[in-house]
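# Tertiary structure, described
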Amino acid sequence: MAARKDRPGYRCTECGWTTAKWLGRCPECHAWGTVEELGAPAVRTTAPGRVTTSALPISQVDGRQATARSTGVDELDRVLGGGLIPGAVVLLAGEPGVGKSTLLLDVAAKAASAEHRTLYVTGEESASQVRLRADRIGALDDHLYLAAETDLSAVLGHLDSVKPSLLILDSVQTIASPEIDGAPGGMAQVREVAGALIRASKERGMATLLVGHVTKDGAIAGPRLLEHLVDVVLHFEGDRHARLRLVRGVKNRYGATDEVGCFELHDEGITGLADPSGLFLTRRTEPVPGTCLTVTLEGRRPLVAEVQALTVDSQIPSPRRTTSGLETSRVSMMLAVLEQRGRISALGKRDIYSATVGGVKLSEPAADLAVALALASAASDTPLPKNLVAIGEVGLAGEVRRVTGVQRRLAEAARLGFTHALVPTDPGKVPSGMRVQEVADIGDALRVLPRRVRREPPREDAERR
C-alpha cells in the first residue's frame, strides 16, 4: 500500500494554533490573516546594497570619456555619428555575401595602433582564410590580432590577454556558451553571448562590433532583445550584382538614425564613396527616349539617379510589367495615372520595362514624377530635354505633391551640372543658374515633352516613290 502523502499544515502566527486547511481567521485567537502554511518559502525583497558610484548632477558628469574615435573609414564614421565610442556595442547585419566581413576587416586594420589594439574573432572561417582576405584588401597591421574561436569563454580569455580597444566578432550567431543549453545561434545562446560581451565592453571601455545574420525576410536573426541591448544597429544593404553598398543606421544612441554611408565593392576590397552619384548616371552626348533623372534622398544625403523605361508591342494577351530597382506597385500607379489623367492610351497593350541605373533602389514617392516622365517618353519615343531632373510625388488624381528636402535635391543637381528641373509648387530657394519649372499636375509635366517630329523617309526612297 502506497504511503499517504503528508498533508500541508497551517499554523497561526499569533497563537500557534494548527489546522489541516487554510482559514482566513484563526478560530483560537480570532485574528484575521494570521494563518500561514508551514514550511512555505518566505517572501524575499531586495535590500538596499552598497553604492558603486555616487550619483552626481548631470552637469558635473565628465562627458570626455564618451569621445568618439575614428574608425579610419569616413563613410562608416558618418553613420556612427563621428566614430566609435569607448564601451559602445554596434550590431552590423546584412545578407550573406554583401561584404560585411570585408568592411569590418578593413576597419580592424585601420583602427589598430600601438595605443589601441584590435582583436578580430572569427567563428565562421579559419584564421588562414581571414589572412588571405587581408592580403587581398591590404588589411595587415602588427597591432591587429586574429583568433578563430566559437567558445564564449575562449573569447573572454582573449580579451584578458590582448586587452584590445576594439573587438570585432564575426558573427554573434556562431559563438556559444558551454553553460547554456542549445545550439549556437539559438535564442538562449545569442542572448547569453551578447549579454556577456556587452558587460565586458562596458567594464573595459572597449568598443565592440558584432556581425549579425538576417532571416529570409531581411530581419535580424535571433531575439528582438539583441537589438534593444546594443547601442547601435546598422544594416548593410546592396545588390550582389552591383558595386554599390549602403550602410544604413537603424538605431543609434550617439547620433542620428537617418545617415547613410555609401561604399563601392570591388576586387581589391571595399572603399567609401564621398560622391556616389556618378554610379547612377549614364553620360550621353544626346538624350535618349525613355530616360529621366531624379534626385533621391538616402538619409540626409541627396543622390542623383536615372530612371529608364522601355515599351514594346506585346505578343501575349497579358502584357508584361517588369521592374528593377523600382517598386512594382508605384510603377503600376504611374501607368494608371498616365492613361487616365495624361490621356496616354498606348500603354495598356504594350510590354513595359522599367529600371534604375547602377543598382540603386528608388522607393520614396519623390521619384514618381521621374518614373511617369520616363514612361511617357518611352511611349511617345520622344526624348526629354537635356540636363533635366524631375522631383515630385504624383497622386492618383494626377496632382504633383511636395516632397521633403527639395532645396537639398536641387542643390545636388546644380552641383552636378543640371540646369533644368521640374518640381512641385513653392520649392523654396532655387540655386543660381538653374531654371526651375513648377508643375501642379501631370498634364503640366507632360508639356516638357517636345512634339514628336514626323520622321521623313530617306531621299532615295522618296525618289523611288
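Residues numbered from 1 in each chain as written. Predicted model: local features only at pLDDT ≥ 70, side-chain atom pairs only at ≥ 80, totals over all residues. Heavy atoms only, no water.

## Quick look at the overall build of the protein chain
- For the protein chain, the count of helices and strands is eleven helices and 21 strands.
- Relative to a compact globule of 465 residues, whose C-alpha radius of gyration would be 23 Å, the protein chain shows 32 Å and is clearly more extended.
- On the principal axes, the C-alpha backbone points of the protein chain span a range of 125 × 65 × 60 Å.
- Buried residues in the protein chain amount to 44% of all 465 residues.
- In the form shown here, the protein chain has an accessible surface area of approximately 25200 Å², with 49% of it arising from carbon and sulfur atoms.
- Of the side-chain charges in the protein chain, 58 are positive and 57 negative, and the distance between the mean point of each set is 4 Å. (Helix = DSSP H or I, 4+ residues; strand = E, 2+ residues; numbered from the N terminus. Rg over C-alpha atoms; globule rule 2.2 N^0.38 Å. Buried < 20%, exposed > 50% of the residue type's maximum accessible area, 1.4 Å probe, protein only. Areas by Shrake-Rupley, 256 points an atom, 1.4 Å probe, with all protein chains shown as cover. Lys, Arg positive; Asp, Glu negative; His and termini not counted. Charge placed at Lys NZ, Arg CZ, Asp CG, Glu CD.)

## Let's talk about the environment of Leu-91
- Structurally, Leu-91 is set in strand β4 (residues 89–94).
- On the accessibility criterion, Leu-91 (0% relative accessible area) is buried.
- For the pair Leu-91 and Val-172, spaced 81 residues apart in the sequence, the C-alpha separation amounts to 9.2 Å.
- Dropping the residues within four chain positions of it, Leu-91 is found in contact with Leu-210, Val-211, Gly-212, Ile-220, Leu-226, Glu-227, Val-230, Val-232, Val-233 and Leu-234. (Contact = heavy atoms within 4.5 Å.)

## Observations concerning a nonpolar patch on the surface
- There is a patch of nonpolar side chains on the surface, built from Leu-56, Ile-58 and Val-61 and spanning about 350 Å² of accessible area.
- Assignment of secondary structure puts Leu-56 in the loop between β3 (35–37) and α1 (74–80).
- In this structure Leu-56 comes out as exposed when scored by relative accessible area, which is 52%. (Patch = residues over 30% accessible without salt bridge, like charges linked within 9 Å, V, L, I, M, F, W, Y side chains within 5 Å. Salt bridge = Lys/Arg side-chain N within 4 Å of Asp/Glu carboxyl O.)

## Quick look at the pattern of salt bridges
- Summed over the entire model, instances satisfying the criterion amount to 24 salt bridges.
- The salt bridge involving Arg-300 is made with Asp-258; its shortest N-O contact spans 3.5 Å. Taken together, the positions of Arg-300 in the loop between β13 (291–298) and β14 (301–313) and Asp-258 in the loop between β10 (244–252) and β11 (260–266) put the pair 42 residues apart, joining distant regions of the chain.
- Taking the relative accessible area as the measure of exposure, Asp-258 reaches 33% and is therefore partly exposed.
- Connected through shared salt-bridge partners, Glu-75, Arg-78 and Arg-301 make up one network.

## Regarding the packing of helix α2 (residues 100–111) against helix α3 (residues 127–137)
- At a minimum axis separation of 10 Å, α2 and α3 run at an interaxial angle of 70°. As the angle between them shows, α2 and α3 are arranged roughly perpendicular. For the pair α2 and α3, contact is made by Ser-101, Thr-102, Leu-105 and Asp-106 and by Val-130, Arg-133, Ala-134, Arg-136 and Ile-137, respectively.
- When the residues that make up the contact of α2 with α3 are grouped by side-chain class, the tally is four nonpolar, two polar and three charged. (Axes fitted to C-alpha atoms, helices over the stretch in contact; angles between N-to-C directions. Parallel < 35°, antiparallel > 145°, perpendicular 65-115°, else oblique. Nonpolar A, V, L, I, M, F, W, Y, C, P; charged D, E, K, R; others polar.)

## Concerning the sheet that holds β4
- The nine strands lie next to each other as β6-β5-β7-β8-β4-β9-β10-β11-β12, forming an open sheet whose pairing is mixed. Among the strands making up the open sheet, the edge pair consists of β6 (144–148) and β12 (269–272). Adjacent strand axes in the sheet meet at a mean angle of 20°, parallel and antiparallel pairs treated alike.
- Alignment of β4 against strand β8 (residues 207–212), held across five bridges, turns out to be parallel. In the strand pairing of β8, Val-90 is matched with Leu-209.
- Sitting on the sheet, α3 is in contact with β5 (118–122), β6, β11 and β12, with an inclination near 145° to β6.
- This element, helix α4 (residues 152–162), spans β5, β6 and β7 (166–170) of the sheet and lies at about 160° to β5. (Pairing = 2+ DSSP bridges.)

## Section: the packing of helix α7 (residues 328–340) against helix α8 (residues 368–380)
- Between α7 and α8, the shortest axis-to-axis distance is 10 Å and the interhelical angle comes to 60°. Taken together, α7 and α8 sit at an angle that is classed as oblique. Crossing of α7 against α8: the hand is right-handed. Residue-level inspection shows Arg-330, Val-331, Met-334, Leu-335 and Leu-338 of α7 in contact with α8, the latter providing Asp-368, Val-371, Ala-372, Leu-375 and Ala-376.
- Of the residues belonging to the contact of α7 with α8, the class tally is eight nonpolar, no polar and two charged. (Left-handed = near helix turned anticlockwise from the far one by under 90°.)

## Looking at the packing of aromatic side chains
- Applying the stated criterion across every chain yields a total of one aromatic pair.
- Consider the rings of Phe-236 and Phe-263, whose centres lie 6.5 Å apart with planes at 80°: the pair is edge-to-face. On the criterion of sequence distance, the pair formed by Phe-236 in strand β9 (residues 232–237) and Phe-263 in strand β11 is long-range, its members being 27 residues apart. Taken as a pair, Phe-236 and Phe-263 share a single burial class, namely buried. (Phe/Tyr/Trp six-rings, centres within 6.5 Å; stacked < 30°, edge-to-face > 60°.)

## Digging into helix α5 (residues 187–204)
- Over its 18 residues, α5 extends 26 Å from the first C-alpha to the last, a length consistent with the 26 Å expected when each residue adds 1.5 Å.
- Check the buried side of α5 and you find it contacts β4, α4, β7, β8 and α6 (225–229).
- In the stretch just after α5, Gly-205 is the one whose phi turns positive, near 65°. (Expected span 1.5 Å × (residues − 1).)

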